[in-house]
Amino acid sequence: ETAGRQQLPEIAADAEPAAVSVTWTSVMNLRVPASATVSVPASLLLRSASLGGSSAFDRAAEHAGSAVRAAVALAAARMAVEAIDAELTATTRQIRLLQRRRLPELKNALGEASRRLDEAERDDGIRARWAAGGSTPLNSDHPPSLSRA
């Protein structure tokens, strides 16, 4: 038993690292992890024989591999949630900015453009009456028949 415990650091030092593979997708025009898989090296499981081939060690290795796979899947899901949350926060800020600043500016500009358009239409109407009836701009408040008298 003591010999097995002394060999664990050597086995861990010589073990191949786990390989993580991430599949990406696009959500709301945002690149996020869709899934992640991990491959636990078989060499780690094969080394159990050097510890006496204990079935307890084999089960522990299986559970450790399952825990690593679950941790990697959880990390990918958290990355996706955090990325989407950050994007939603930024979008919420942009909406607030639009509602509080830009929209009122645009409404004021629309009102000003509408007033200028109304004024231009009034000026065009006065010019049209002046051209049709002969009234001058100075006495355009009076009907053309009264201004000729």
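As a reminder, the structure under discussion sits directly above these lines.
Residues numbered from 1 in each chain as written. Predicted model: local features only at pLDDT ≥ 70, side-chain atom pairs only at ≥ 80, totals over all residues. Heavy atoms only, no water.

Chemist: I'd like a rundown of the pairing of strand β1 (residues 19-27), residues and numbers included.
Modeler: Pairing analysis gives 9 bridges linking β1 to strand β2 (residues 30-39), with the strands arranged antiparallel. The residue bridging T25 from the neighbouring strand is V32, located in β2. Connecting β1 to the antiparallel partner β2 that follows it, the hairpin turn spans 2 residues, and M28 within it adopts a positive phi of roughly 55°. (Pairing = 2+ DSSP bridges. Helix = DSSP H or I, 4+ residues; strand = E, 2+ residues; numbered from the N terminus.)

Chemist: Give me the lowdown on helix α3 (residues 55-133), citing residues and values where you can.
Modeler: Along its 79 residues, α3 runs 111 Å from first to last C-alpha, staying within 8% of the 117 Å computed at 1.5 Å per residue. Helix geometry: α3 is bent most strongly at L98, by close to 40°. Those residues of α3 not exposed but buried are A61, G65, V72, A76, A80 and G133. (Expected span 1.5 Å × (residues − 1). Bend = angle between axes of the 7 residues up to and from the residue. Buried < 20%, exposed > 50% of the residue type's maximum accessible area, 1.4 Å probe, protein only.)

Chemist: Could you give an account of the pattern of salt bridges, with specific residues and numbers?
Modeler: Pairing between side chains becomes possible if they bear opposite charge and their charged atoms approach one another. The final tally for this structure, using the stated rule, is 4 salt bridges. When the shortest N-O distance is used, the salt bridge between R102 and E105 registers 3.2 Å. On the criterion of helical spacing, the pair formed by R102 and E105 is a turn pair, its members being 3 residues apart in helix α3. Accessibility expressed as a relative area gives 41% for R102, which makes it partly exposed. Between R127 and D124 there is a salt bridge, with the nearest N and O atoms lying 2.8 Å from each other. Here R127 and its partner D124 are both found in helix α3, 3 residues apart, which amounts to about one turn of the helix. Residue classification places R127 among the partly exposed positions, given a relative accessible area of 48%. Within the structure, one salt-bridge network assembled from shared partners comprises E112, R115 and R116. (Salt bridge = Lys/Arg side-chain N within 4 Å of Asp/Glu carboxyl O.)

Chemist: Describe a nonpolar patch on the surface, naming the residues involved and giving the relevant values.
Modeler: Taken together, the side chains of V20, V22, W24 and M79 present a nonpolar region at the surface, about 350 Å² in accessible area. The greatest single-element share of the nonpolar patch, amounting to 3 residues, is contributed by β1. Tracing the backbone shows W24 in strand β1. When its relative accessible area of 36% is taken as the criterion, W24 is described as partly exposed. (Patch = residues over 30% accessible without salt bridge, like charges linked within 9 Å, V, L, I, M, F, W, Y side chains within 5 Å. Areas by Shrake-Rupley, 256 points an atom, 1.4 Å probe, with all protein chains shown as cover.)

Chemist: How would you explain a positive patch on the surface if you had to name every residue and give the values?
Modeler: On the surface, a cluster of positive charge is contributed by R93, R96, R100 and R101. By the secondary structure assignment, R100 is in helix α3. You can call R100 exposed: its relative accessible area is 62%. (Lys, Arg positive; Asp, Glu negative; His and termini not counted. Charge placed at Lys NZ, Arg CZ, Asp CG, Glu CD.)

Chemist: Can you tell me about unusual backbone geometry, naming the residues and giving the values?
Modeler: Backbone geometry at M28 places phi at a positive 55°, although glycine is not the residue there. Within the secondary structure, M28 is located in the loop between β1 and β2. Owing to a relative accessible area of 45%, M28 belongs among the partly exposed residues under this scheme. Even without a glycine there, the phi angle at N29 is positive, about 60°. Structurally, N29 can be placed in the loop between β1 and β2.

Chemist: Tell me what's going on with the environment of E87, and back it up with residues and numbers.
Modeler: By secondary structure assignment, the location of E87 is in helix α3. Using a relative accessible area of 31% as the deciding quantity, one classes E87 as partly exposed. Linking E87 and M28, residues 59 residues apart in sequence, is a C-alpha distance of 8.8 Å. Once residues within four sequence positions are removed from consideration, E87 is found in contact with M28 and L30. (Contact = heavy atoms within 4.5 Å.)

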